[in-house]
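What the coordinates show
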Amino acid sequence: MALALDGGNPVRRHDFPAWPYHDDTERAALLRAVDQGQWWRVGGSETTSFEAEFGEYHGGTTLAVTNGTHALELGLELLGLKPGDEVIVPAFTFISTSIAVQRAGGVPVPVDVDPVTYCLDPQTLEAVRTPRTRVVIPVHMAGHVADMDAIGAWAARHDVVVFQDAAHAHGAVWSGRRIGDFGTLAAFSFQNGKLMTAGEGGALLMPSQEWFDEAFARHSCGRPLGDTHYEHRTPSSNYRMTEFAGAVLRAQLGRLAEQNARRESRWKTLSAALREIPGVVPQGRDPRCDLNPHYMAMAALDPAAHPGTDRDLVVRALVAEGIPAFVNYPPVYRTQAHEALRGNGLPDTAELAERNPVSEHLGAHGFWLHHRVLLGTDADCADVAEAVAKVLTELAGKKRSG
Ligand SMILES: *Cc1c(COP(=O)(O)O)cnc(C)c1O
C-alpha cells in the first residue's frame, strides 16, 4: 500500500463533516441581526441574549468579547496584574495563554503537563512558587478539564488566583461541576476551529454581576454599561463583540450538547483503535472528567517504538491520505514571543526543556486531528486509524529498505 504522499491511493477520498457546521439557524440569526438595524451590542439584543444563554449553560455570568486572546487579557486586567507579577501557565498550550500574560505586563512561568491528560500537572506548582506568584492559568487541553481539585487546593493555600483557559472546553464537566461552578474567571474562544464559532469571538465567564459590571466597562474603553456622558473610568481597550457574532453564536450554542455527546462517543471508538497501533499513545483521561467535548483528537508517537520517525512527515503523509492532521504546539518557551522576556531572569531554553520533559515530548512527537473527524460515523474513525497505521507501517518499511 503505497503512501498517498508517494502517489498511492489515499485511505480517504471523501471528506469528513464540514466545520463550521451551519444551517438555516445561522442564516436566520444573521438576518435577524441585520434587520435589527443595530449592529453593535450597545443598541442591540443578540450579544446580550447570547451572554445570558452561554452563562446559564456554563454556570456563570458571561461577557462576550472579540476573541479568546482578548478574554485572557481582559481577565488579567480585571485581576489587577502588576508589572513583574508571575503567572504560572502550562508549557504545552496555544501561545495566547502566555502571550496574554506578557501583554498584561506579567511574567509567564511555564510548568510541565501531565503525561496522560496533557493538562497542567499540579505537582509542578510548588517548585516555581515565589512571592511574586499571583495567578495560575490551567488550560483544559483539547477539552480535558485540568485537575481543578488539586490546582484549586494549592492556589487557595498560597493565595494564588485561578483563571481557567477554557478555549477548548465549551460544555466540559469535571466531578459534576461545569466550568462556571468553580467560581473562577474562565476565558473561551469562538475562533473558526473552536467547538462553537462565529469565525472570531471570545467570552469571559465570571462568578457574579459585580465582576460583569467591571468587565463590561473594561471591555468598552472604560465606560460603564448605560453611560451616555463619556465617563471613562479606566484606560481600557475596546473588546466589544458585534451583533452578527452574537447572533451566530446563539445558533451554535444550540447544537453544542448534541455535538459534544457525539464527539465523546466517537472518541471512544477512535482512541481504542489508535491504542491498538504499536507506538501510538492517544490522550488519556482522568475519570473525574465527566464530559470532555474533544476540541482536538490528540495523540503522540512513542519514539522508542518509532525510532527516527519524523513526526512532521507523519502529519504530511496523513494529510495526503485525506486526514485533517496537524503538528502539536511547541512548548511556549520555544517561541520568539517568549524570547522577548529575556533579560527578565528567564532561564535558558535548555534549562526549561529539562524542567518540562512532557511538553518537550508532546511538542516533538505529538499530533492532533480536527474535531470534525469525531462528528461523523464510527466508520470515519476506523478510516482515521487505518491511515495512521498505514503511514507508520510504510514509513518504517522505507527506513528499513533505506
Ligand atoms: C484558541 C485559543 C486561545 C485564543 O483564542 P483566539 O480566539 O484565537 O484569540 C487561547 N488559548 C487557547 C488554549 C486556545 O486554543
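As the structure is a computational prediction, the values presented were derived from the model and not from experiment. (Residues numbered from 1 in each chain as written. Predicted model: local features only at pLDDT ≥ 70, side-chain atom pairs only at ≥ 80, totals over all residues. Heavy atoms only, no water.)

A few points about the overall build of the protein chain
- Across its full length, the protein chain holds 13 helices and 14 strands.
- Taking 2.2 N^0.38 as the reference for a compact globule, 402 residues should give roughly 21 Å; the C-alpha atoms of the protein chain span a radius of gyration of 22 Å, in line with that estimate.
- If you line up the protein chain on its principal axes, its C-alpha atoms span 75 × 55 × 35 Å.
- Scored against the burial criterion, the 402 residues of the protein chain give a buried share of 55%.
- Expressed as a percentage of contacts within the protein chain between residues at least 6 apart in sequence, the contacts between residues at least 24 apart total 71%.
- Of the accessible surface of the protein chain, which amounts to about 16,500 Å², a share of 54% is contributed by carbon and sulfur atoms.
- Averaging the coordinates of the 37 positive side-chain charges in the protein chain and doing the same for the 49 negative ones gives two points 2 Å apart. (Helix = DSSP H or I, 4+ residues; strand = E, 2+ residues; numbered from the N terminus. Rg over C-alpha atoms; globule rule 2.2 N^0.38 Å. Buried < 20%, exposed > 50% of the residue type's maximum accessible area, 1.4 Å probe, protein only. Contact = heavy atoms within 4.5 Å. Areas by Shrake-Rupley, 256 points an atom, 1.4 Å probe, with all protein chains shown as cover. Lys, Arg positive; Asp, Glu negative; His and termini not counted. Charge placed at Lys NZ, Arg CZ, Asp CG, Glu CD.)

Section: the pairing of strand S14 (residues 366-370)
- S14 sits mainly inside the fold: five of its five residues count as buried.
- Two strands pair when backbone bridges link them, and strand S12 (residues 296-301) and S14 are joined in this way by five bridges, in the antiparallel orientation. When the sheet's bridge partners are listed, Met298 is paired in S14 with Trp368.
- Sheet topology places strand S13 (residues 325-327) next to S14; three bridges connect them, and they run antiparallel. Note that in S14 the partner of Phe326 across the bridge is Trp368. (Pairing = 2+ DSSP bridges.)

Topic: the sheet that holds S12
- Ordered by their spatial adjacency, four strands build an open sheet running S10-S12-S14-S13, and the pairing between neighbours is antiparallel. The two strands at the open ends of the sheet, each matched to only one other strand, are strand S10 (280-282) and S13. Direction aside, the axes of adjacent strands within the sheet are offset by 30° on average.
- Strands in contact with helix H9 (residues 311-320) are S12, S13 and S14; relative to S13, the strand with the most contacts, it is inclined by about 160°. (Axes fitted to C-alpha atoms, helices over the stretch in contact; angles between N-to-C directions.)

As for the packing of aromatic side chains
- Going through the model one piece at a time under the given rule, you end up with 11 aromatic pairs.
- Summarising the aromatic geometry, the rings of Phe50 and Phe54 are spaced 5.4 Å apart at their centres and angled 45° between planes, so their arrangement reads as tilted. Of the two residues, Phe50 and Phe54 are both situated in helix H2 (residues 46-58); the distance of four residues between them amounts to about one turn of the helix.
- Looking at Phe54, the relative accessible area reads 0%, which means it is buried.
- These aromatic residues form a ring-pair network of at least three members: Phe50, Phe54, Phe188 and Phe190. (Phe/Tyr/Trp six-rings, centres within 6.5 Å; stacked < 30°, edge-to-face > 60°.)

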